[in-house]
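As a plain string of letters, each chain reads:
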Amino acid sequence: MATSTKILALAVLAVLPLLMNASTCIGPQVTSNVYTTSEASMSISTVFVVEVAVKCNNGEKDLLLFADVNGHMVPATQSGTGKFQVSWSDEHKKLPAGTYGVRFFDEEGYNAVRKEKRSGTDGSAVTPIFTVNVKHSGTWTGPYVQTEFVATCVALLVWYMAYRSKSFLMS
Amino acid sequence: MKSLFLLVVAFVAVRSDNDDNAARLLASKSILNQFIVEGKELTVEYSIYNVGSSQAYNVELSDSSFPEEDFQRVSGSLNVKWDRLAVGANVSHAVILKPLRPGYANFTAAQVKYYPTEESQAVQVGYTTAPGEAGIVGLKDYERRFSPHIVDWATFAIMTLPSIGFPFLLWYRSKSKYDVKHKKN
């Protein structure tokens with residue numbers, strides 16, 4: 001009786017990993033669409049939106065993605081099968097022009113990064129499923145000098161040159 | 001009397017047990033624009049915060065207040081799902097749209113549906129805050145006020161050229177004649 005229960009327990013243990021939903025993506029093919037705020041008057045904070053469409057070689061449909069955004073992990077929203085979106089925003093000054101690398105993890109990777117962060121490291125040693133590079137060309141806050149100012153300066157310059165030559169002639 | 005007191009205590013305990021271990025989501029929707037201009041980007045940001053004591057499952061945010069014929073989608077999706085929201089989680093979602101017509105627009109709330117516990121069968125429906133009514137400025141009016149008007153200034157400069165250039169030419173011609181005479185002497 002005891003041996004049969006032992007055999008049953010062993011059988012269950014052997015089958016268990018197959019029953020668990022591993023939910024990893026092998027060989028992801030990623031197409032990404034990135035948006036960053038271009039004009040400061042259209043948004044009071046700079047917003048980054050990263051949309052990705054992921055196709056896995058192993059046909060994984062229940063993929064859960066997490067993204068590492070500027071140091072902290074956010075869950076990616078799902079907007080359709082294989083379509084995910086990550087968005088974050090911050091003040092214009094805190095998101096200057098440049099390239100931002102966004103690392104995407106599945107559940108295993110997410111748990112690994114959380115464990116690393118709890119033990120003190122910053123979690124950059126964990127390999128992501130894929131990375132998306134976001135190129136931000138800066139948020140335009142207006143021209144350096146207003147054209148009205150330039151026009152006024154030119155007008156004053158012309159007047160000054162005329163005044164100088166006139167006083168030179170009169171002297 | 002004592003049994004009545006115990007009954008009341010038991011009732012209160014059961015009632016408070018209902019609200020325990022359930023997720024509660026607070027959601028806000030805000031427009032990040034200083035000006036909403038026809039043909040320029042409109043930035044909408046949603047924030048969802050789990051203030052309950054359990055994870056929220058199958059959180060779905062859907063916004064149907066931007067009809068396709070009035071707002072063109074630039075980036076982001078108006079119907080998104082989160083699988084799970086942990087206790088105390090604060091997530092944000094952004095959508096970029098482009099208004100196609102000027103006028104007044106009423107920005108109403110978006111809908112948030114979620115399951116407060118893992119076993120609950122009934123979906124909980126909530127709404128985000130609504131930004132309210134705002135005006136969409138026409139592109140011409142916005143540019144009249146804010147664009148650098150470079151072409152206008154260049155045209156103005158060309159138009160002032162005759163009234164400044166003509167006397168200058170006269171003076172320069174007579175000056176060069178005088179200089180030549182002076183050199184001859």
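Whatever comes next refers back to the structure up there.
Residues numbered from 1 in each chain as written. Chains lettered and ligands numbered in written order. Predicted model: local features only at pLDDT ≥ 70, side-chain atom pairs only at ≥ 80, totals over all residues. Heavy atoms only, no water.

**Q** Is there a simple way to think about the overall build of chain A in this case?
**A** Per the secondary structure count, chain A includes 3 helices and 8 strands. The C-alpha atoms of chain A give 29 Å as radius of gyration, which overshoots the globular expectation for 171 residues (16 Å, by more than 25%). Looking at the 171 residues of chain A, the share that counts as buried comes to 33%. In chain A, once contacts between residues fewer than 6 apart in sequence are set aside, the share between residues at least 24 apart is 70%. When the accessible area of chain A is evaluated, it comes to approximately 11000 Å², of which 61% is carbon and sulfur surface. Across chain A, the 14 positively charged side chains and the 13 negatively charged ones have centroids separated by 5 Å. (Helix = DSSP H or I, 4+ residues; strand = E, 2+ residues; numbered from the N terminus. Rg over C-alpha atoms; globule rule 2.2 N^0.38 Å. Buried < 20%, exposed > 50% of the residue type's maximum accessible area, 1.4 Å probe, protein only. Contact = heavy atoms within 4.5 Å. Areas by Shrake-Rupley, 256 points an atom, 1.4 Å probe, with all protein chains shown as cover. Lys, Arg positive; Asp, Glu negative; His and termini not counted. Charge placed at Lys NZ, Arg CZ, Asp CG, Glu CD.)

**Q** In this structure, what is going on with the sheet that holds strand β3 (residues 66-69) of chain A? I would like to understand it.
**A** By way of backbone hydrogen bonds, the strands of a sheet pair with one another, either parallel or antiparallel. Residue and element names in this part refer to chain A. Read from one edge of the open sheet, 4 strands run β4-β3-β7-β8, paired in antiparallel fashion. Both outer strands of the open sheet, β4 (72-75) and β8 (130-136), are each paired with one neighbouring strand and no more. Adjacent strand axes in the sheet meet at a mean angle of 30° when their direction is disregarded. Direction of pairing for strand β7 (residues 98-105) relative to β8: antiparallel, over a ladder of 7 bridges. Each residue of the ladder has a partner; that of Thr-99, found in β8, is Lys-135. (Pairing = 2+ DSSP bridges. Axes fitted to C-alpha atoms, helices over the stretch in contact; angles between N-to-C directions.)

**Q** What's the story with the interface of chain A and chain B in this structure? I'm lost.
**A** Buried accessible area, meaning the area lost when the parts come together, often serves as the stated size of an interface. The interface of chain A with chain B comprises 27 residues on the first partner and 32 residues on the second. Taken over both partners, the interface formed by chain A and chain B buries close to 2500 Å², and the fraction arising from carbon and sulfur atoms is 54%. Taken together, chain A and chain B are joined by 3 salt bridges. Here Arg-73 of chain B and Glu-51 of chain A are joined by a salt bridge, their closest N and O atoms 3.4 Å apart. Viewed at the interface, chain B and chain A are joined by 17 residue pairs in polar contact (both at pLDDT 80 or more). Elements represented by at least two residues in the side of chain A that touches chain B include exactly β2 (46-55), β5 (77-78), β6 (83-90) and α3 (147-170) of chain A. (Buried area = accessible area lost by both parts, 1.4 Å probe. Salt bridge = Lys/Arg side-chain N within 4 Å of Asp/Glu carboxyl O. Polar contact = N/O pair within 3.5 Å; in protein donor to acceptor, adjacent residues only side chain to side chain.)

**Q** How do you make sense of the state of the cysteines when you look at a structure like this?
**A** All names here are of chain A. For the coordinates displayed, the defined rule picks out 1 disulfide over all chains. Disulfide pairing is shown between Cys-25 and Cys-56; the S-S distance is 1.9 Å. An S-S torsion of about -115° defines the bridge between Cys-25 and Cys-56 as left-handed. Placement of Cys-25 in the loop between α1 (2-19) and β1 (29-36) and of Cys-56 in the loop between β2 and β3 is noted, with a sequence separation of 31 residues between them. With relative accessibility at 11%, the residue Cys-25 sits in the buried group. (Disulfide = S-S within 2.5 Å.)

**Q** So what exactly am I meant to see when it comes to the pattern of salt bridges here?
**A** When their charged atoms lie close together, side chains carrying opposite charge are able to pair. Within the structure shown, the criterion is met by 9 salt bridges over all chains. Here Glu-91 of chain A ties to Lys-94 of chain A by a salt bridge, and the two come within 3.5 Å at their closest N and O atoms. In this structure Glu-91 of chain A comes out as partly exposed when scored by relative accessible area, which is 41%. Residue Arg-84 of chain B is joined to Asp-83 of chain B by a salt bridge in which the shortest nitrogen-to-oxygen separation is 3.5 Å. By relative accessible area, Asp-83 of chain B is classed as partly exposed at 31%.

**Q** Would you take a moment to explain the pairing of strand β8 (residues 111-115) of chain B for this structure?
**A** Here is the key point about a regular strand: its side chains alternate between the two faces of the sheet. Residues and elements named next belong to chain B. Along β8, the buried face is formed by Val-112 and Tyr-114; none of Gln-111, Lys-113 and Tyr-115, which line the opposite face, is buried. Across 4 bridges, strand β3 (residues 56-62) lies against β8 in antiparallel orientation. Residue pairing across strands places Leu-61 opposite Val-112, the latter belonging to β8.

**Q** What exactly am I supposed to notice about the layout of surface pockets here?
**A** To find leftover empty space, a probe the size of one water molecule is rolled over the atoms. Of the volumes computed, that of the largest pocket is approximately 920 Å³. The wall of the largest pocket is formed by 28 residues, among which Val-154, Ala-155, Val-158 and Ala-162 of chain A together with Ile-164 of chain B lie closest to the centre. When contributions to the lining of the largest pocket are tallied by element, the ones reaching two or more residues are α3 of chain A together with α3 (150-184) of chain B. The element contributing the most residues to the lining of the largest pocket is α3 of chain A, with 16 residues. The computed volume of the second largest pocket comes to approximately 500 Å³. Considering the residues around the second largest pocket, the lining is formed by 25 residues, among which Phe-66, Pro-75 and Tyr-110 of chain A together with Arg-84 and Ala-86 of chain B are closest to the centre. Those elements that provide at least two residues to the lining of the second largest pocket are β4 and α2 (107-118) of chain A together with β5 (79-85) and β6 (90-99) of chain B. Of the residues forming the lining of the second largest pocket, the biggest block, 5 residues, is contributed by α2 of chain A. Among the residues making up the lining of the second largest pocket, the classes are represented as 14 nonpolar, 6 polar and 5 charged. (1 Å grid on protein atoms, 1.4 Å probe; cavity = no way out; pocket = protein on both sides within 12 Å on 5 of 7 lines; lining within 4 Å. Points joined across faces, edges and corners; volume = space filled by probe spheres on them. Nonpolar A, V, L, I, M, F, W, Y, C, P; charged D, E, K, R; others polar.)

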